[in-house]
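Single-letter residue listing:
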Protein chains: 2
Amino acid sequence: MAEPMTDDERRAFLMHGTRTGKLATTLKGGGPHVAPIWFVLDGDDLVFTTHNSSLKAKSILRDGRVAISVDDETPPFAFVLIQGSTEVSEDLGALVEWATKIGGRYMGADRAVEFGRRNGVVGELLVRVKPTKTVARTGISD
Amino acid sequence: MAEPMTDDERRAFLMHGTRTGKLATTLKGGGPHVAPIWFVLDGDDLVFTTHNSSLKAKSILRDGRVAISVDDETPPFAFVLIQGSTEVSEDLGALVEWATKIGGRYMGADRAVEFGRRNGVVGELLVRVKPTKTVARTGISD
């Protein structure tokens, strides 16, 4: 039977390795959209960057609600589902700071600065997700 | 630079190992929802089962539009994004048939029948996603 994660287990699960978040938003016509994102945690907030021309950026700027799924794709399977509101910033200093942390997580510490520079530029948005509802379960197929 | 997948590469990517789909739907209030699903391909259609009490089932029965993301969470990263419409069936024979295929994919051939019986029951819905738009890219971080 599926079991809930503790808060510490959930944070560790979200930050495990290069697990990506799958970010869902609602498109202009009301249909759903979902795409992978690189993110890090800041407390319980999820922080990521996206270019202002992306569908996810446009959806977030129109309707700040998002949902994110992070899962373990191997038996016995586990997942965290987050629904939240968003805060968006274009501050370049903050963009470089977080893009560097995110680059370090996904590409390794030796490439953190390179990816911080790549994604910490004008046109990118820094998005902070404030969770309003969280479900975290492990042992799904047990 | 990211590169598009060929059709054969995309199908092989979607069916690789126990990779899950992340299914996005739009909730009654217009907000987004996303959760992992087990699925198999039938041609280019994605087939999965879900209980009629789940949020995803309720969303699909109200508004048949879905989006699905399947990704490789390791460098250089890759993903397939699918937007589609859905067809829903409660036919028990078809439910058992597909739940057995899906169980075999995610839990192994020796447990396919067990999971076919678990998920091929009254109350479960068989959902077929007919893709209307597909994006498939590999080498994202290159």
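Residue numbers restart at each chain and count upward from 1, following the sequence in its written direction. To label them, take the chains in the order written and letter them from A, then take the ligands in the order written and number them from 1. In keeping with the model being predicted, local features are shown solely for residues with a pLDDT of at least 70 and side-chain atom pairs are shown and tallied solely at 80 or more, while totals for entire chains, interfaces and linings include all residues.

Participant: Would you take a moment to explain the nonpolar core for this structure?
Facilitator: Side chains that are nonpolar tend, in soluble globular proteins, to be buried together. Buried Ala, Val, Leu, Ile, Met, Phe, Trp, Tyr and Cys residues whose C-beta atoms connect them within 7 Å together make up a nonpolar core. Note on burial: count the other C-beta atoms lying within 10 Å of the residue's C-beta; 20 or more is buried, 12 or fewer is exposed, in between is partly exposed, and C-beta positions come from the backbone. Within the largest apolar cluster, 66 residues are counted, with the highest numbers of intra-cluster contacts made by Val-34, Phe-48 and Ile-68 of chain A together with Val-34, Phe-48 and Ile-68 of chain B. Any residue pair is listed as a contact if its two C-beta atoms, each placed from the backbone, are within 7 Å. For Val-34 of chain A, the residues in contact, after removing those within four places along its chain, are Lys-22, Leu-23 and Ala-24 of chain A together with Lys-22, Ala-24, Val-34, Ala-67, Ile-68 and Ser-69 of chain B.

Participant: What is the right way to look at the interface of chain A and chain B in this model?
Facilitator: Think of interface size as the accessible area that goes away when the parts come together; that is how it is often given. The interface of chain A with chain B comprises 28 residues on the first partner and 28 residues on the second. Grouping the constituent residues of the side of chain A that touches chain B by class yields 12 nonpolar, 11 polar and five charged. In this classification, Asp, Glu, Lys and Arg are treated as charged, Ala, Val, Leu, Ile, Met, Phe, Trp, Tyr, Cys and Pro as nonpolar, and every other residue, Gly included, as polar.

Participant: What's the story with helix H2 (residues 55–62) of chain B in this structure? I'm lost.
Facilitator: Residue pairs three or four apart in sequence face the same way in an α-helix, which turns once every 3.6 residues. Residue and element names in this part refer to chain B. All of the buried residues in H2 are Lys-56, Ser-59 and Ile-60. The buried residues of H2 occupy an angular sector of 95° when projected down its axis, which confines them to one face. A run of DSSP states H or I qualifies as a helix once it reaches four residues; a run of E qualifies as a strand once it reaches two. Both are numbered from the N-terminal end. Along its buried surface, H2 packs onto strand S2 (21–26), strand S3 (32–37), strand S5 (45–51), strand S6 (66–72), strand S7 (78–89) and strand S8 (124–138). Think of the arc as the fan of directions from the helix axis to the C-beta atoms.

Participant: What should I look at first to understand the relation of the copies chain A and chain B in this one?
Facilitator: When chain A is fitted to chain B, the residual RMSD is 0.0 Å, and the transformation amounts to a turn of 180° plus an axial shift of 0.0 Å. A rotation of that kind, with that shift, is consistent with a two-fold axis. Mapped onto chain B, 100% of the interface residues of chain A again fall at the interface, so both copies present the same surface. When the copies are superposed, the least-squares fit takes in the C-alpha atoms of residues with a pLDDT of at least 70 in both.

Participant: Even after reading the chapter, I still don't get the pairing of strand S5 (residues 45–51) of chain A, so can you show me in this structure?
Facilitator: Consecutive residues of a regular strand have side chains that alternate between opposite faces of the sheet. Residues and elements named next belong to chain A. Where burial is concerned, most of S5 is hidden: five out of the seven residues are buried. Pairing between strand S4 (residues 40–42) and S5: three bridges, direction antiparallel. Within S5, the position partnered with Asp-42 by the bridge is Asp-45. Any two strands are treated as partners once DSSP identifies two or more bridges connecting them. Between S4 and the antiparallel strand that follows it, S5, lie two residues; Gly-43 among them carries a positive phi value of about 65°. Alignment of S5 against strand S8 (residues 124–138), held across six bridges, turns out to be antiparallel. Residue pairing across strands places Val-47 opposite Arg-128, the latter belonging to S8.

Participant: Is there a simple way to think about the environment of Glu-97 of chain A in this case?
Facilitator: Residue and element names in this part refer to chain A. As for its placement among the helices and strands, Glu-97 is situated in helix H3 (residues 92–107). The class of Glu-97 is partly exposed, set by 15 C-beta atoms lying within 10 Å. With 56 residues separating them in the primary sequence, Glu-97 and Leu-41 have C-alpha atoms 13 Å apart.

Participant: In this structure, what is going on with the packing of H3 of chain A against helix H4 (residues 112–119) of chain A? I would like to understand it.
Facilitator: For any two helices packed against each other, the geometry is given by the interaxial angle and the distance between the axes. Residue and element names in this part refer to chain A. Angles here are taken between N-to-C directions and fall from 0 to 180 degrees, while the axes themselves are lines fitted to C-alpha atoms, restricted in helices to the stretch in contact. The geometry of H3 relative to H4 is characterised by a closest axis approach of 7 Å and an angle of 130° between their N-to-C directions. Between H3 and H4, the interaxial angle falls into the category oblique. Our pair here, H3 against H4, has a crossing hand that is right-handed. Along its contact with H3, which presents Val-96, Ala-99, Thr-100, Gly-103, Gly-104 and Met-107, the element H4 presents Ala-112, Val-113, Glu-114, Phe-115, Gly-116 and Asn-119. Per-class residue counts for the contact of H3 with H4 are six nonpolar, five polar and one charged. For classification purposes, angles smaller than 35 degrees are called roughly parallel, those larger than 145 roughly antiparallel, those between 65 and 115 roughly perpendicular, and all remaining angles oblique. By definition, any crossing whose near helix is turned counterclockwise from its far helix by less than a right angle is left-handed, and any crossing with a clockwise turn is right-handed.

Participant: Just to check I follow, could you spell out unusual backbone geometry for this structure?
Facilitator: In terms of backbone geometry, most residues other than glycine have negative phi values and most peptide bonds are trans. Residues and elements named next belong to chain A. Residue Pro-76 is bonded to the preceding Pro-75 through a cis peptide linkage, with omega at 5°. Note on placement: Pro-76 falls in the loop between strand S6 (66–72) and strand S7 (78–89). Of note, the phi angle at Phe-77 is positive, near 65°, even though the residue is not glycine. Residue position: Phe-77 is located in the loop between S6 and S7. What makes Phe-77 buried here is the crowd of 21 C-beta atoms within 10 Å.

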